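# Per-entry structural report
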Amino acid sequence: MEMKRYLLETFAFNDRANRQVLAKIWELPDKEEAIRLFSHLIRSQNKWLARLEQYPRDPGMSWWDPAYELDALEAEWERSLGAWQNFLQKKNESALFEAVQWVGFDGAHWTAALKDIPLQLNYHSIHHRAQIQSLIRAQGLTPEFVDYIGTVYRKIG
């Protein structure tokens, strides 16, 4: 499979799963930490894209603050996800394996293959989605089934 297709499919999987979790956040008695984590996913995507597009300038964006309001999360998620999808659509396969640079948390300049940034974002999304799922369960609700296999398996018998 081409890397570009894999990255876009992974963003699509995370989009579906994150939307399921977002719907459940609305039901939580205590929404604050789940909103903070979901906001962090959006801010991480925004910051990484800004890092790439503004290099060598440091975009100076926070990974965490401020958290979005609950009623803004869906629109902010769509905007952030759409920006990454558009960014990747404009890249050819070989560009995904080229080195990109950014200014890191320490002010130093860093480099990695472009493909590694969206991979990080998608894996990072899985990590924090699991934290949100734990919050959902701890507050007495049943989390949605958001495992990848649930998007691809088919009953045959």
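Remember, it's a predicted structure, so these values are computed and weren't measured experimentally.

On the surface, Phe145, Tyr148, Ile149, Val152 and Tyr153 cluster together into a nonpolar patch covering about 520 Å² of accessible area. By secondary structure assignment, the location of Tyr148 is in the segment after helix 4 (116–138).

Quick look at the packing of aromatic side chains now. Going through the model one piece at a time under the given rule, you end up with six aromatic pairs. Seen from their ring centres, Phe13 and Tyr148 are 5.4 Å apart, and the 80 degrees between their planes marks the pair as edge-to-face. Taken together, the positions of Phe13 in helix 1 (residues 3–25) and Tyr148 in the segment after helix 4 put the pair 135 residues apart, joining distant regions of the chain. Within the aromatic cluster, the residues linked to one another by ring pairs are Phe11, Trp84 and Phe87. Above the face of the Tyr68 ring, Arg43 is positioned so that its terminal group lies 4.3 Å from the ring centre. The residue whose ring lies beneath Arg51 is Trp48, and the NZ or CZ to ring-centre distance is 4.4 Å.

Cis geometry marks the peptide bond from Tyr55 to Pro56; its omega dihedral reads 15 degrees. In the segment running from Asp65 into Pro66, the intervening peptide bond is cis, with an omega of -10 degrees.

Bridge count for strand 1 (residues 99–103) against strand 2 (residues 109–113) is five bridges, and the pairing is antiparallel. Directly across from Ala99, in strand 2, lies its bridge partner Ala113. Hairpin remark: strand 1 followed by strand 2, antiparallel, with five residues in the connecting loop; positive phi at Gly107, about 85 degrees.

Analysis parameters
Residues numbered from 1 in each chain as written. Predicted model: local features only at pLDDT ≥ 70, side-chain atom pairs only at ≥ 80, totals over all residues. Heavy atoms only, no water. Patch = residues over 30% accessible without salt bridge, like charges linked within 9 Å, V, L, I, M, F, W, Y side chains within 5 Å. Areas by Shrake-Rupley, 256 points an atom, 1.4 Å probe, with all protein chains shown as cover. Salt bridge = Lys/Arg side-chain N within 4 Å of Asp/Glu carboxyl O. Helix = DSSP H or I, 4+ residues; strand = E, 2+ residues; numbered from the N terminus. Phe/Tyr/Trp six-rings, centres within 6.5 Å; stacked < 30°, edge-to-face > 60°. Lys NZ or Arg CZ within 6 Å of the ring centre and 35° of its normal. Pairing = 2+ DSSP bridges.

Shape descriptors only; they carry no functional weight alone.
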